[in-house]
Amino acid sequence: MKKQIYKNNKNIFYKDEGKKNDSTIILIHGFLETSDTWTDFSKELSKKNRVISIDLPGHGNSDLHEEPYTMCKYAEAIKYIIDEEETEKAFIIGHSMGGYVALAFADNYPDRLSGLCLFHSTPFADGDEKRAARTEMIKQIENGELNNICSVHSKAVYSNENKSIFAKEIAYGEKIAKSLSPESVIASLLTMKNRDDRSHIVEISDVPFLYIIGKKDNFIPFDVINEIDFPEDYLVAVLDNSGHMGMVEEKEKSLKYINDFCENYL
């Protein structure tokens, strides 16, 4: 079911699938994505769970919120939705940039979490090189190069071996990316560039924690798992044949990891 609510006269759009029960999964999309990125995945996941997938502010059918752009504001939009749905606690899964949002949510509203999953994401802040790259990308967008950025990014999120296999999915991802306004994409880049390091949130987490990583990810180096101080109750799930889009590249394996995690940990 497609739904929308208003906060400060700004629309927030989301999809609500599956049966309402004590277990709710929130799916948060990544950079240059919308809730549509999860469509096939959420359809399967909702067979066993209630699944809410969100268009972050400025993405899909959700309005862009006001400056300053921060992860906490994205997290506040999610809090607003679960309040509206009278959901006491939720298992939040964040893909890429969505993982940064999930961590901001965990930082600000820990009592509303039943579990936390970073899906092709990292708890660390950007280093100097990455921040400089985001600044350069903002300049390119201001110079009218957003379409080219979308085309390049939509291919780069897949492993080199999977680019030909998932050509249709890459084209769909590119279509989603190109639907976003330059203002919204710049807002996302500023939000990621200026985000806080929240590795300590992972370490002190008192809810079950799932970390899903692709061995062939072009964005998140596999050895990052050696740098994270995991909490007491955690599981690392490795996708051997995935880049940055495990929900597509290894959908069945990713679904099994998440469903098993829900059954055994939540």
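Right above here is the structure, for reference.
Residues numbered from 1 in each chain as written. Predicted model: local features only at pLDDT ≥ 70, side-chain atom pairs only at ≥ 80, totals over all residues. Heavy atoms only, no water.

1. Quick look at the pattern of salt bridges
One pass over the full model with this rule turns up 20 salt bridges. The partner of lysine 215 in a salt bridge is aspartate 240, with the nearest N and O atoms 3.7 Å apart. Of this pair, lysine 215 sits in the loop between β7 (209-214) and β8 (234-239) while aspartate 240 sits in the loop between β8 and α9 (246-249), and the two are 25 residues apart along the sequence. Aspartate 240 sits in the partly exposed class, given a relative accessible area of 34%. (Salt bridge = Lys/Arg side-chain N within 4 Å of Asp/Glu carboxyl O. Helix = DSSP H or I, 4+ residues; strand = E, 2+ residues; numbered from the N terminus. Buried < 20%, exposed > 50% of the residue type's maximum accessible area, 1.4 Å probe, protein only.)

2. Topic: the layout of surface pockets
For the largest pocket, the calculated volume is near 610 Å³. Along its surface, the largest pocket is lined by 29 residues, and Tyr100, Asp126, Lys130, Arg134 and Phe219 are the ones closest to its centre. Those elements giving two or more residues to the lining of the largest pocket turn out to be α3 (97-108), α4 (128-142), α5 (146-156) and α7 (182-193). Broken down by element, the lining of the largest pocket gets its largest block of residues, six residues, from α4. Residues of the lining of the largest pocket, tallied by class, amount to 16 nonpolar, six polar and seven charged. Roughly 440 Å³ of volume is contained in the second largest pocket. Lining the second largest pocket are 25 residues, with Thr37, Tyr158, Glu169, Tyr172 and Val248 positioned closest to its centre. Those elements that provide at least two residues to the lining of the second largest pocket are α1 (39-45), α5, α6 (167-178) and α9. Per-element accounting of the lining of the second largest pocket gives the leading share, seven residues, to α6. (1 Å grid on protein atoms, 1.4 Å probe; cavity = no way out; pocket = protein on both sides within 12 Å on 5 of 7 lines; lining within 4 Å. Points joined across faces, edges and corners; volume = space filled by probe spheres on them. Nonpolar A, V, L, I, M, F, W, Y, C, P; charged D, E, K, R; others polar.)

3. So, the sheet that holds β8
Within a sheet, each strand pairs with its neighbour through backbone hydrogen bonds, oriented either parallel or antiparallel. Reading across from one edge, β1-β2-β4-β3-β5-β6-β7-β8 is the order of the eight strands in this open sheet, with mixed pairing throughout. Edge strands, defined here as strands with exactly one partner in the open sheet, are β1 (2-7) and β8. Strand-to-strand twist in this sheet, taken as the mean axis angle between neighbours without regard to direction, amounts to 20 degrees. As defined by bridge partners, strand β2 (residues 10-17) adjoins strand β4 (residues 50-54) across four bridges and the pair is classed as antiparallel. When the sheet's bridge partners are listed, glutamate 17 is paired in β4 with valine 51. This element, helix α10 (residues 251-265), spans β3 (24-28), β5 (90-95), β6 (113-119), β7 and β8 of the sheet and lies at about 170 degrees to β8. (Pairing = 2+ DSSP bridges. Axes fitted to C-alpha atoms, helices over the stretch in contact; angles between N-to-C directions. Contact = heavy atoms within 4.5 Å.)

4. Remarks on the pairing of β6
Working note: regular strand, side chains alternate between the two faces of the sheet. The buried count for β6 comes to six of seven residues, which makes it a mostly enclosed element. The pairing of β5 with β6 spans six bridges and is classified as parallel. Looking at β6, one finds that isoleucine 92 is bridged to leucine 116. Handedness of the β-α-β unit built from β5, α3 and β6 comes out right-handed. Of the pairings in the sheet, the one linking β6 to β7 comprises four bridges and is parallel in character. By the bridge assignment for β7, leucine 118 is matched with tyrosine 211. (Right-handed = clockwise from strand over helix to strand, strands pointing away.)

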